Amino acid sequence: MSSTIRALAWLGNDTFTVLIPSQVLFYLTKFTLLSTFPNKWKKLCATMVLNFNTITWSNLIGLAIVDVNESVYIIRPTTPGYYSVTNTGCGEGIPFAFSNETICPPGSYHLETSSKPCALCPYGTFNSGNNSVACIACNNSSFCPLGAVDNVDGEAISTILQASAYPKSPDSTIFDDILLQNIFTINFSRHCLIVSPVFWTVIVIIFTLLLLVIMGASKWFIRCKGIRQIIKGVFKQTDLIGEGQLWVGGIVSFSVIVLVVFAYVFSALYLRQYPIETTSNSSFTCNPSLRNSKFSTEMQLLGIPLNDEIQPIFDMLDAQPYTLNVDFVNTLFNCQDVIVQQTVGLVITFIAPQNCSYHNAVLSVSITLPLHAIAIQLILNDTLSVGGIRVGLSGPEATKGDNYRVKELNFKQSYSVPNRVLSQNPSLQLQFIRLINSTDPLSEGQDTKFSALWIPTFSYVSDQLFLTETQYIGNTQLQTLFTISPSEKAYYVLNNQSPIAKQAEVVFHSILFTIVCLELFGLLFLIFKLLFIPLFKSTISKFHRISASKKYQTTKM
């Protein structure tokens with residue numbers, strides 16, 4: 001590298017220049033590159049060639065640059081708020097020229113008298129052009145990147161996403177497990193207690209025990225004998241467990257009825273929790289996120305033939321018109337600076353934007369795309385800076401009957417780097433993925449419903465999309481060329497939603513649950529009848545014999 005250095009000159013306490021054959025490099029003493037010559041502001045005079053011989057510095061006249069033809073160009077120091085530009089003497093046929101000064105453009109400032117270029121306003125500050133000596137601090141919610149020209153609202157660079165993560169299937173996708181878990185699970189929060197079948201069953205059991213105590217106590221009151229017999233007769237008729245044999249079975253049967261009623265109510269309400277797009281929180285259970293839905297996701301190649309049921313949604317996606325929306329945020333570019341061209345193969349065509357507006361330092365351009373896969377170039381004819389960009393697509397919703405729907409396309413993806421500005425050759429690769437959602441019917445004989453949406457993915461090189469301050473100032477291009485290349489992926493994503501339990505299955509398993517409850521309580525009742533009642537009677541009989549024996553011995557004495 002040192003063999004290409006032809007000269008070196010000190011410009012002051014903190015700046016020096018290095019001359020190589022085709023450039024003059026301006027450095028800070030910490031070897032930080034400050035700018036270069038020539039660049040977009042200091043252009044090469046027509047009287048000079050891009051092959052420099054030497055440089056020299058004088059506090060009186062500035063920096064003198066001499067090319068191999070002994071033509072001289074002098075970069076004079078500028079006053080605060082100004083920077084030097086190629087001007088006087090260039091192109092007049094004489095081998096001598098010098099720079100002139102002009103005010104720093106908006107978004108930059110110059111604090112001192114020197115040959116340094118205007119510096120871009122640091123991140124978090126802006127300069128609208130009213131004061132070229134210093135930048136003003138932005139509001140906390142504003143978007144003020146490097147080189148900001150206005151205090152732009154942060155919403156101008158916000159991202160709008162339409163895609164969201166597809167739900168996962170619940171841990172249990174078997175209706176029997178879900179029914180038993182929600183019937184026999186109890187939680188002591190207020191809402192969970194109110195909707196808990198076990199809680200109300202316990203209440204009924206407590207009432208049953210209280211009634212048993214009352215019935216037992218009524219045996220000692222002769223006047224209650226008739227009422228007691230009537231109550232026993234009623235409960236015998238409601239004995240679902242002992243098949244009308246015992247009046248106690250009728251009392252216990254009410255506990256079974258409570259469980260069965262809760263099971264039927266739960267099954268009916270759970271059946272309606274499908275699909276997820278039309279349901280709300282499940283207030284009838286302790287788990288508000290409970291849904292009658294299970295999900296699956298898969299990718300399919302477009303080369304595989306589609307069946308007749310799903311083909312219409314693909315045709316509708318392909319027919320959806322696109323509008324490309326590009327926002328250049330925090331810039332002085334306006335609609336007069338914009339030229340739009342499209343490239344199809346090797347053919348380049350200039351097209352007029354569908355809409356263009358400039359408001360609050362944001363240039364918004366909308367372009368109708370004649371094809372889904374077409375390269376679009378936006379040419380901005382000036383040397384102004386751009387703080388960030390926001391790229392999006394919009395397209396109308398389309399439906400076909402009740403079973404096919406292409407969702408409205410409306411997304412915006414923003415790009416910005418706090419301490420960088422948009423480069424002069426930014427490009428984005430925009431690739432679209434077909435996202436298909438299918439919803440299976442809840443009952444047999446109904447049709448599957450399809451919805452679809454284009455999902456964008458962007459690819460770019462960050463260092464190519466945004467430049468540092470030194471790279472930006474040293475750039476020699478006189479326009480910004482932004483290229484967007486849309487294309488479509490060769491596969492699609494298919495999300496499927498299906499019910500965990502359909503209507504016939506819910507009815508069958510609810511009846512089965514009723515039978516199981518009756519059989520379970522019947523088994524408990526049978527164990528009570530064959531084991532506990534004989535044991536109880538035996539204990540009472542033994543107690544009476546002991547009491548009688550003691551009474552006899554007392555009488556004999």
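Residues numbered from 1 in each chain as written. Predicted model: local features only at pLDDT ≥ 70, side-chain atom pairs only at ≥ 80, totals over all residues. Heavy atoms only, no water.

The protein goes by Tyrosine-protein kinase ephrin type A/B receptor-like domain-containing protein in an unreviewed UniProt entry, where it is assigned to Adineta steineri.

What the protein contains, in helices and strands, is nine helices and 31 strands. By the burial criterion, 41% of the 557 residues in the protein qualify as buried. Restricting the contact set of the protein to residue pairs at least 6 apart, pairs at least 24 apart contribute 65%. Summing over all exposed atoms, the protein offers an accessible surface of approximately 29,800 Å²; the carbon and sulfur share of this is 60%. (Helix = DSSP H or I, 4+ residues; strand = E, 2+ residues; numbered from the N terminus. Buried < 20%, exposed > 50% of the residue type's maximum accessible area, 1.4 Å probe, protein only. Contact = heavy atoms within 4.5 Å. Areas by Shrake-Rupley, 256 points an atom, 1.4 Å probe, with all protein chains shown as cover.)

In this structure, strand β2 (residues 15-20) lies alongside strand β3 (residues 23-28), joined through six bridges in antiparallel fashion. Bridged to valine 18 within β3 is leucine 25. Here β2 folds back onto β3, and the loop between the two strands holds two residues. With four bridges joining them, β3 and strand β4 (residues 33-37) adopt antiparallel strand pairing. (Pairing = 2+ DSSP bridges.)

For the rest of this paragraph, the subject is the environment of proline 21. Checked against the element boundaries, proline 21 lands in the loop between β2 and β3. Proline 21 sits in the partly exposed class, given a relative accessible area of 27%. Between the alpha carbons of proline 21 and isoleucine 5 there is a distance of 7.5 Å; along the sequence they are 16 residues apart.

Moving on, we get to helix α1 (residues 175-184). Every buried residue belonging to α1 is among Phe175, Ile178, Leu179, Asn182 and Ile183, and all of these are buried. Taken end-on, α1 shows its buried residues confined to a sector of 120°, consistent with a single buried face. (Arc of directions from axis to C-beta.)

Turning our eyes to something else, we now look at the pattern of salt bridges. In this structure the tally under the stated criterion is six salt bridges. Two residues, aspartate 327 and arginine 390, come together in a salt bridge whose shortest N-O distance is 3.1 Å. Highlighted residues: aspartate 327 in strand β17 (residues 322-331) and arginine 390 in strand β23 (residues 386-395), separated in sequence by 63 residues. The exposure class assigned to aspartate 327 is buried, which follows from its relative accessible area of 9%. Note that glutamate 397 is salt-bridged to arginine 405, the shortest N-O span being 2.8 Å. For arginine 405, a relative accessible area of 34% translates into the label partly exposed. (Salt bridge = Lys/Arg side-chain N within 4 Å of Asp/Glu carboxyl O.)

Turning next to the sheet that holds strand β21 (residues 362-369). Overall, antiparallel pairing links the five strands, which are arranged β20-β21-β17-β23-β26 in an open sheet. The open sheet is flanked by β20 (355-359) and β26 (409-415), the only strands paired with a single partner. Averaged over neighbouring strand pairs, the angle between their axes works out to 15° when direction is ignored. As judged from the eight bridges shared by β17 and β21, these two strands associate in the antiparallel manner. Looking at β21, one finds that aspartate 327 is bridged to serine 364. (Axes fitted to C-alpha atoms, helices over the stretch in contact; angles between N-to-C directions.)

Moving on to the state of the cysteines. In the structure shown here, the tally under the stated rule is five disulfides. The disulfide partner of cysteine 104 is cysteine 118, and the gap between their sulfur atoms is 1.9 Å. Judged by the sign of its S-S torsion, about -75°, the bond between cysteine 104 and cysteine 118 is left-handed. Remark: cysteine 118 occurs in the loop between β10 (108-109) and β11 (119-120) and cysteine 104 occurs in the loop between β9 (96-103) and β10; sequence separation between them is 14 residues. Grouping residues by exposure puts cysteine 104 and cysteine 118 together as buried. Across the disulfide from cysteine 138 sits cysteine 144; the S-S distance is 1.9 Å. Between cysteine 138 and cysteine 144, the S-S torsion sits near -100°, and that sign places the bridge as left-handed. (Disulfide = S-S within 2.5 Å.)

We now examine the sheet that holds β2. What links the strands of a sheet is backbone hydrogen bonding, and the strands pair in either a parallel or an antiparallel sense. With antiparallel pairing, the four strands of this open sheet are ordered in space as β1-β2-β3-β4. Among the strands making up the open sheet, the edge pair consists of β1 (7-10) and β4. Strand-to-strand twist in this sheet, taken as the mean axis angle between neighbours without regard to direction, amounts to 20°. Across four bridges, the pairing between β1 and β2 is antiparallel. Opposite alanine 9, over in β2, you have threonine 17 as the bridge partner.

Turning our eyes to something else, we now look at the pairing of strand β28 (residues 427-439). Taken across its 13 residues, β28 has 10 buried, putting it largely inside the fold. Sheet topology note: the β28/strand β31 (residues 480-498) ladder contains 12 bridges and is parallel. Pairing of threonine 439 across the sheet is with glutamine 497, part of β31. As judged from the 11 bridges shared by β28 and strand β29 (residues 449-459), these two strands associate in the antiparallel manner. What sits directly across from leucine 435, in β29, is leucine 453.

So, on to the side chain of glutamine 320. In this structure, glutamine 320 sits in the loop between α6 (311-319) and β17. Only 3.4 Å separates the side chain of glutamine 320 from the side chain of tryptophan 454, close enough to count as a polar contact. Dropping the residues within four chain positions of it, glutamine 320 is found in contact with His372, Gly395, Pro396, Val406, Lys407, Leu409 and Trp454. (Polar contact = N/O pair within 3.5 Å; in protein donor to acceptor, adjacent residues only side chain to side chain.)

Attention shifts here to the nonpolar core. Counting 49 residues, the largest nonpolar core has Ile313, Phe328 and Ile436 as its most contacted members. For this core, the element with the most residues is β28, which contributes six residues. Not counting residues up to four positions away in its chain, the partners in contact with phenylalanine 328 are Ala361, Val362, Leu363, Leu378, Leu380, Val386, Gly388, Ile389, Leu422 and Phe482. Phe175, Leu259, Phe513 and Cys517 belong to the second largest nonpolar core, which has 19 residues in total. (Core = buried A, V, L, I, M, F, W, Y, C linked by side-chain atoms within 4.5 Å.)

This part is about α6. Residues of α6 that are buried include every one of Pro312, Ile313, Phe314, Met316 and Leu317, and no others. Buried residues belonging to α6 abut β24 (398-400), β25 (404-406), β28, β29 and β31.

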